Amino acid sequence: FTITPVFIICNDNNNKYRPLVTKTSGGGNAAITYFIDWYGTNSTRILRCHISNGTILQGITSSFDFNEQWNHIIYTFDGMKHKLYINGEQYGSSITQTISAQILETAINIGRGFGGNYIWDGLIDEVKIYNRALSNAEANAEYNKIFNQFKIKNSEKGLIGYWKLEDNTIDDSGNENNGETYTP
């Protein structure tokens, strides 16, 4: 599988657990879980991308610092190896899984942990989940597609409107200057 959230971090000193995307059978260490979260205090926070079979927790952990900026994260698991991509580049080495992944018939939580006790304090955008692991080239292409869209929307000084005109007149600048089409 592949999970790809794009998000921005808001500085939060009060809570050491910030879930991005979770799917769990329950709370605590005995839960069967798939998750991406940011864990720890501000000086020691880590990005965790893990799977748990209810007994053992395995996956990738990274001390990546988000610097309160938009970042693109891709976490893949192909049944054997975990991989983490940050802003289009593989981060660290892939990790080999030694436990069996479990099928969960539960809801996917975006921005909240089990039971709603923990909430993401920031923005999350463009979450995608695939039923397969993206390749290195696909992960890079996914990042470039999102980055180019974001770059146009946020880097052009004075931009008040941007219309792609892809069967609609939605303003992609982020300024909500939506239009209407006219057909004579």
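As shown above, the structure is provided for reference.
Our subject in this report is the structure included herewith. (Residues numbered from 1 in each chain as written. Predicted model: local features only at pLDDT ≥ 70, side-chain atom pairs only at ≥ 80, totals over all residues. Heavy atoms only, no water.)

### Remarks on the environment of Met 80
Among the structural elements, Met 80 can be located in the loop between strand S6 (70-77) and strand S7 (81-86). When its relative accessible area of 52% is taken as the criterion, Met 80 is described as exposed. Along the sequence, Met 80 and Ala 101 sit 21 residues apart, while their C-alpha atoms lie 9.4 Å from each other. Every residue in contact with Met 80, bar those within four places of it in the chain, is listed here: Ile 95, Thr 96 and Gln 97. (Helix = DSSP H or I, 4+ residues; strand = E, 2+ residues; numbered from the N terminus. Buried < 20%, exposed > 50% of the residue type's maximum accessible area, 1.4 Å probe, protein only. Contact = heavy atoms within 4.5 Å.)

### Quick look at the environment of Gln 97
If you trace the backbone, Gln 97 turns up in the loop between strand S9 (95-96) and strand S10 (109-110). Look at Gln 97 and you get buried, because its relative accessible area is 7%. Sequence separation between Gln 97 and Gln 58 is 39 residues; the distance between their C-alpha atoms is 6.7 Å. Ignoring sequence-local partners within four residues, the contact set of Gln 97 consists of Ile 51, Gln 58, Phe 77, Met 80 and His 82.

### So, the pairing of strand S5 (residues 57-62)
The pairing of strand S4 (residues 46-53) with S5 spans six bridges and is antiparallel. Paired with Arg 48 across the bridge in S5 is Thr 61. In this antiparallel pair of consecutive strands, S4 and S5, the connection spans three residues, and Gly 54 shows a positive phi of 100°. (Pairing = 2+ DSSP bridges.)

### Describing the nonpolar core
Counting 19 residues, the largest nonpolar core has Phe 1, Ile 36, Leu 47, Tyr 75 and Leu 84 as the members making the most contacts within it. For this core, the secondary-structure elements that each account for two or more residues are strand S2 (17-24), strand S3 (32-39), S4, S6 and S7. Apart from the residues within four sequence positions on either side, Ile 36 is in contact with Ile 3, Pro 5, Pro 19, Leu 20, Val 21, Leu 47, Arg 48, Cys 49 and Tyr 75. (Core = buried A, V, L, I, M, F, W, Y, C linked by side-chain atoms within 4.5 Å.)

### Considering the packing of aromatic side chains
In total, this model carries zero aromatic pairs according to the counting rule given. Above the ring of Tyr 39, the side-chain terminus of Arg 48 is found at 4.1 Å from the ring centroid. (Phe/Tyr/Trp six-rings, centres within 6.5 Å; stacked < 30°, edge-to-face > 60°. Lys NZ or Arg CZ within 6 Å of the ring centre and 35° of its normal.)

### Some points on the sheet that holds S4
Strand pairing in a sheet takes place through backbone hydrogen bonds and is either antiparallel or parallel in direction. What the five strands build is an open sheet, ordered S5-S4-S3-S2-S10; its pairing is antiparallel. Unpaired on one side and paired on the other, S5 and S10 mark the two borders of the sheet.

### Some points on the pattern of salt bridges
Summed over the entire model, instances satisfying the criterion amount to three salt bridges. Salt-bridge contacts for Asp 37 lead to Arg 48; the nearest nitrogen and oxygen are separated by 2.6 Å. With a gap of 11 residues between them, Asp 37 in strand S3 and Arg 48 in strand S4 connect regions that are remote in the sequence. Among the salt bridges present, the one from Glu 142 reaches Lys 128, with a minimum N-O distance of 2.6 Å. Placement of Glu 142 in helix H1 (residues 136-155) and of Lys 128 in strand S11 (residues 122-130) is noted, with a sequence separation of 14 residues between them. (Salt bridge = Lys/Arg side-chain N within 4 Å of Asp/Glu carboxyl O.)

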